[in-house]
Amino acid sequence: MKKHSFGSLAFMSLVLLVLYLPIIVVVVYSFNDNTARIPLAFTGWSTRWYDSLFEGRGGYLDALWLSVKVALWSVLISGVIGTLGAIGMTQRALDGKRRSGWFDAVMESMVTLPIMIPEIILGLAFMVIFNALGIRGNEARLVMAHVTFCVPYVFLSVKSRLVGMDQSLFDAARDLGASSARVLRDITLPLCRPAIISGSFLALAMSMDDFVISFFVYGAGEGTLPIKIYSSVKVGVSPVVNALCSLMIAAAFIFAALSRYLGAVKKARSSRNQMGLTSE
Amino acid sequence: MKANQQDRRFSLLLKLPMYLWTIMFVFVALLYIIGLSFLSRGERIGITNEVTVSNYARLADPQYLQVMLNSLKLSVLTTLICIVIGYPFGYLMARLKPTVRSIIMLLLIVPFWTNSLIRIYGWRILLMGNGPLNTFLLNLGIISSPLKLLNTDGAVFLGMVYALIPFMILPTFTTVDKLDFSVVEAARDLGASPLRAFFTITVPLTMAGLMAGCVLVFIPSMGLFFLSDLLGGSKSVLAGNLIQNLIKSRDLPMASALSVLLLAVTGGVIALYRKAGGSAGELGLF
Amino acid sequence: MSEEPILRLEGLSKDYGQGMVLHSLDLDIYPGEFLTLLGPSGCGKTTTLRLIAGLEQPTSGRVFLEGVDMTDRPPEKRPVNTVFQSYALFPHMNVFQNIAYGLKTAGVKKAEQKQRVEEALALVRLSGYEKRMPSQLSGGQRQRVAIARAVVLKPKVLLLDEPLGALDLKLRQEMQAELKRLQQQLKITFVYITHDQEEALNMSSRIIIIREGRIEQIGTPEEVYEHPKTLFAASFIGQSNLLRGTVSRYEENGELTLNVMGVSLPALSDEPRQKGERLALCLRPQRVRYGSEPQHGMNLQGIIREKTYSGGMQHTLIGLNDKLTLNAITQASELDSFPLGSMVYVGWSKQHAPLVPDSELNLDQAEGVL
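What this report covers is the structure whose coordinates are included nearby. Given the structure is predicted, the values throughout are model-derived calculations rather than measurements. (Residues numbered from 1 in each chain as written. Chains lettered and ligands numbered in written order. Predicted model: local features only at pLDDT ≥ 70, side-chain atom pairs only at ≥ 80, totals over all residues. Heavy atoms only, no water.)

## Quick notes on the overall build of chain A
Helix and strand counts for chain A stand at 11 helices and zero strands. In chain A, the succession of α and β elements from N to C terminus is α-α-α-α-α-α-α-α-α-α-α. Within chain A, buried positions represent 54% of all 280 residues. Contacts in chain A between residues far apart in sequence, at least 24 positions, make up 70% of those at least 6 positions apart. (Helix = DSSP H or I, 4+ residues; strand = E, 2+ residues; numbered from the N terminus. Buried < 20%, exposed > 50% of the residue type's maximum accessible area, 1.4 Å probe, protein only. Contact = heavy atoms within 4.5 Å.)

## Remarks on the interface of chain B and chain A
Listed per partner, the contact involves 84 residues of chain B and 89 residues of chain A. Buried area between chain B and chain A, both sides added, is near 8300 Å², and the carbon and sulfur share of it is 80%. At the junction of chain B and chain A, the tally comes to nine residue pairs in polar contact (both at pLDDT 80 or more). When grouped by side-chain class, the residues that make up the side of chain B that touches chain A number 59 nonpolar, 16 polar and nine charged. (Buried area = accessible area lost by both parts, 1.4 Å probe. Polar contact = N/O pair within 3.5 Å; in protein donor to acceptor, adjacent residues only side chain to side chain. Nonpolar A, V, L, I, M, F, W, Y, C, P; charged D, E, K, R; others polar.)

## Some words on the packing of helix H5 (residues 119-133) of chain A against helix H12 (residues 239-248) of chain B
Interhelical geometry of H5 of chain A versus H12 of chain B gives an angle of 15° and a closest axis separation of 10 Å. Viewed along their axes, H5 of chain A and H12 of chain B adopt a mutual orientation that is roughly parallel. The handedness of the crossing between H5 of chain A and H12 of chain B comes out as left-handed. Residues Ile 120, Leu 124 and Met 127 of chain A of H5 of chain A form the contact with H12 of chain B, whose participating residues are Gly 240, Ile 243, Gln 244 and Ile 247 of chain B. (Axes fitted to C-alpha atoms, helices over the stretch in contact; angles between N-to-C directions. Parallel < 35°, antiparallel > 145°, perpendicular 65-115°, else oblique. Left-handed = near helix turned anticlockwise from the far one by under 90°.)

## Here's the deal with the interface of chain C and chain B
Opposite the four residues of chain C that make contact, chain B presents five residues. Taken over both partners, the interface formed by chain C and chain B buries close to 350 Å², and the fraction arising from carbon and sulfur atoms is 54%. Between the two partners, chain C and chain B, sit zero salt bridges. In terms of residue class, the side of chain C that touches chain B is made up of one nonpolar, one polar and two charged. (Salt bridge = Lys/Arg side-chain N within 4 Å of Asp/Glu carboxyl O.)

## Remarks on the packing of helix H2 (residues 95-105) of chain C against helix H4 (residues 139-151) of chain C
All names here are of chain C. Relative to each other, H2 and H4 sit at 30°, their axes nearing to 7 Å. Accordingly, the angle class assigned to the pair H2 and H4 is roughly parallel. The way H2 lies across H4 gives a crossing that is right-handed. Each of Val 95, Asn 98 and Ile 99 in H2 lies in contact with H4, whose residues at this interface are Val 145, Ala 148 and Arg 149. Broken down by class, the residue content of the contact of H2 with H4 amounts to four nonpolar, one polar and one charged.

## Observations regarding the pairing of strand E2 (residues 20-29) of chain C
Residue and element names in this part refer to chain C. Relative to E2, strand E1 (residues 7-15) runs antiparallel, the two being bridged by six bridges. Counterpart to Leu 12 in the pairing with E2 is Leu 25. Hairpin connection, E1 to E2: the antiparallel pair is bridged by four residues, and Gly 17 has positive phi, about 105°. (Pairing = 2+ DSSP bridges.)

## Overview of the nonpolar core
One finds Ile 187 of chain A, Phe 89, Phe 226 and Leu 258 of chain B together with Phe 90 of chain C to be the most contacted residues of the largest nonpolar core, which totals 212 residues. Residues within four places of Leu 258 of chain B in sequence aside, it is in contact with Leu 59, Tyr 64, Met 68, Leu 242, Ile 243 and Leu 246 of chain B. Counting residues in hydrophobic clusters, the runner-up holds 34 residues, among them Ala 100, Leu 103, Leu 121 and Leu 164 of chain C. (Core = buried A, V, L, I, M, F, W, Y, C linked by side-chain atoms within 4.5 Å.)

## What about the pattern of salt bridges?
A side chain of one charge can pair with a side chain of the opposite charge if their charged atoms are brought near each other. Summed over the entire model, instances satisfying the criterion amount to 31 salt bridges over all chains. As a salt-bridge pair, Arg 50 of chain C and Asp 171 of chain A come within 3.0 Å of each other at their nearest N and O atoms. Residue Arg 50 of chain C is located in helix H1 (residues 45-53), and its partner Asp 171 of chain A is located in helix H7 (residues 168-175); the two belong to separate chains. Of the two residues, Arg 50 of chain C and Asp 171 of chain A, both sit in the buried class. In this structure, Lys 156 of chain C and Glu 66 of chain C form a salt bridge, with 3.8 Å as the shortest nitrogen-oxygen distance. Of this pair, Lys 156 of chain C sits in the loop between H4 and strand E7 (157-161) while Glu 66 of chain C is found in the loop between strand E4 (60-65) and strand E5 (68-69), placing the two residues 90 residues apart along the sequence. Three or more residues joined by partner-sharing salt bridges are found here, namely Arg 125, Arg 144, Glu 178 and Arg 181 of chain C.

## A look at a nonpolar patch on the surface
Taken together, the side chains of Trp 102, Phe 103 and Val 106 of chain A together with Ile 23, Phe 27, Val 28, Leu 31, Ile 34, Phe 38, Val 51 and Val 53 of chain B define a hydrophobic patch exposed on the protein surface, amounting to about 990 Å² of accessible area. Listing elements by their share of the nonpolar patch, those giving two or more residues are helix H4 (102-112) of chain A together with helix H1 (3-36) of chain B. Broken down by element, the nonpolar patch gets its largest block of residues, five residues, from H1 of chain B. (Patch = residues over 30% accessible without salt bridge, like charges linked within 9 Å, V, L, I, M, F, W, Y side chains within 5 Å. Areas by Shrake-Rupley, 256 points an atom, 1.4 Å probe, with all protein chains shown as cover.)

## What to know about the sheet that holds E2 of chain C
Residue and element names in this part refer to chain C. Across the sheet, which stays open at both edges, the four strands sit in the order E2-E1-E4-E5 with antiparallel pairing between neighbours. On the outer flanks of this sheet lie E2 and E5, each paired with one strand and no other. Bridging between E4 and E5 involves two bridges; their strand directions are antiparallel. If you follow Leu 65 over to E5, its bridge partner there is Val 68. Here H1 sits on the sheet in contact with E1, E2 and E4, set at roughly 120° to E1.

Function cannot be inferred from these measures alone, as they are strictly geometric.
Structure, rendered in structure tokens:
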């Protein structure tokens, strides 16, 4: 690797600093002792907002719980739909033609459309169509909307994994006596597992983070965490939010570090196995 | 039954849930919006059943046209700034040692996992009249009285670049990472200066990532109404605000017409991208 | 071969939608054969194999195994197994699980599975590798596992799709011997695919030369080498001087003279020919003899143009006139004393230089695949 000049390192650090500036502000203010209605001055360190958070003050924990519940349901449903869809679409027919034609091609771009177009369009579309269908339950509306934009993440992740895979693996399983359903269970799904997991995590993050679509789909009530934050920003957010957000940021860091660590452990283990091979 | 038909039936079975879901919630939903855009608002509430193109005629109305053009301008500007900052960042990142690189990747990804509204809210605190940024500048003596930072178009612009720049950095990083740098070395060997090699070799060869980044930044930028709500005050500066306000006032047909327009712009951008050789898969990286 | 064929292909055609890849192929394969389908890449040989395995459906035609129509059966219900070019070992299963997979789908009991996998591993000389993952094996070992996985099911016919293509030369020669040994030991019919003519000649009991979806020639290795029926077969198998010209003299006993670029070459035909007919003489470089005296039919005169020594062999280029040159290969031990530019007498035994009909075949292209 070529050595980097001081200038380029300074540039990258500056960009990262700006990226983290608001996050740092949120974390610092979560420890602010100031109890004014709009507490801008930093008056000293305290964990009072964390205490209020766990007492359930402001309903932020409820909002978080709703977000988590919706995200988990959406990921579960979209995980199944998207994975099977990707497998069905990439499966080669015995006549040697990969696709059944234009319909599949149209459907493929249709499936990925929800993450291509501005969210507000989908938000409006879901709102009117749920009203027209008479779907009233907030949770059902949220899950249906979230599944729709989660499917593409799972679908694209699994599909790109399948396209890069040696087709003869599936042929071999058939050749060894496995029916289509058995190939799915024994070969395709296990081999797609990493892609299913990473696609699902992406979908989970997107579902938890979604504001625009949820905002239009959601009827009366406190809403998911992003909706709750949005609607309370103008009146002045309680510093309880800062505390909650700091905890979520910490969780994100711990999760990311953990997955990196686990990845490194796995890598080390497999390279040890490789070494075992050469030493014999 | 023929083996071939059996296989086809099985893969159809796998695709069916996704197809049905997509037809219902993407295809029919968008058709519904298009249909709605040709109706008009009822006397007090609801929708009349008369088919009309008046909503589209109203798009030329200065109150809409002005905002749409303004929104478009802001989106183009955002995309440009994202290129200027994001492309070099992605490029430099790909040239780093693997260990440093993966740490920076982690630092880029983690904000994705924290709520975007929280981060915008953080900016709100920062930019307030008596917030940290003004206090900092006052203490340094750079300014003598607090600047009005919040509730300006500048703040919205900042928020947009902030929210969307990772979508420029990551695709750029991916393509630069895949680039075989021996071609750049070959160019240097053939007498090109570093700068010339960069612009004649590196940039064209990483165009795919750059283009994907532009699409990923430009398209969502027109709809992010909450950004201008939270950072720009109550002024409508984005197409998204216009749609949101129309929904609030229950003028769904007009909101639909604007959405259809937005959809058309999106379609145009994606078509341009495809024509320039971009693949849809590249856009699905995130 | 008067027995019943084990495998019969009847009018097999395949069209992927961009033109025919296979044109109404008819072929009988007999029990115990080591049959090789030989041809350049894209000639339709892999398609033929996939049609036999059931991994693809023919556009028309039928596949019979021991007289039973298999055409509409899915691959999992056909008693044939395949060794894939990429080996296609399941990366998430260890060697034991890979080999036992077919037994598992067939519902074989655990104890029997274990015993048969052990036998199969012993057969390919990999005993003790059960717990290894495919990623921990070398190319040659993966190849053996792939073979073990297919033969453990005792298929009626084993299909091998360029199984040695990915190995280096030395390993390939080793595996050739190994495969021949396996086939004799197991007495399973092998249908083998390769584009490597040397491999085909070494291993097969019968060779089918395929070109552009049609059978060009069928025969034993000796037959296709010594008596090519077409210009393509002659150019594809081994090295040849292909001398294309017109018949200028023909006699009842088969003796004829072929005029090639102004040189009259003697030849022997086993079929009646016409004066003026366009033919090509296939002359192996090893069959060309030359010396300083005109003896034993060495009646042509030539000039030594080029000499190359390569690994015990002497390659010589002899010009018969300005345009026509011959390749000759001799043992280097007989290292001749002819300097470049010297005049020699050239000849060959006419029985060993078969004639084939001249065709529009582009020889550069055909030789490109050698």
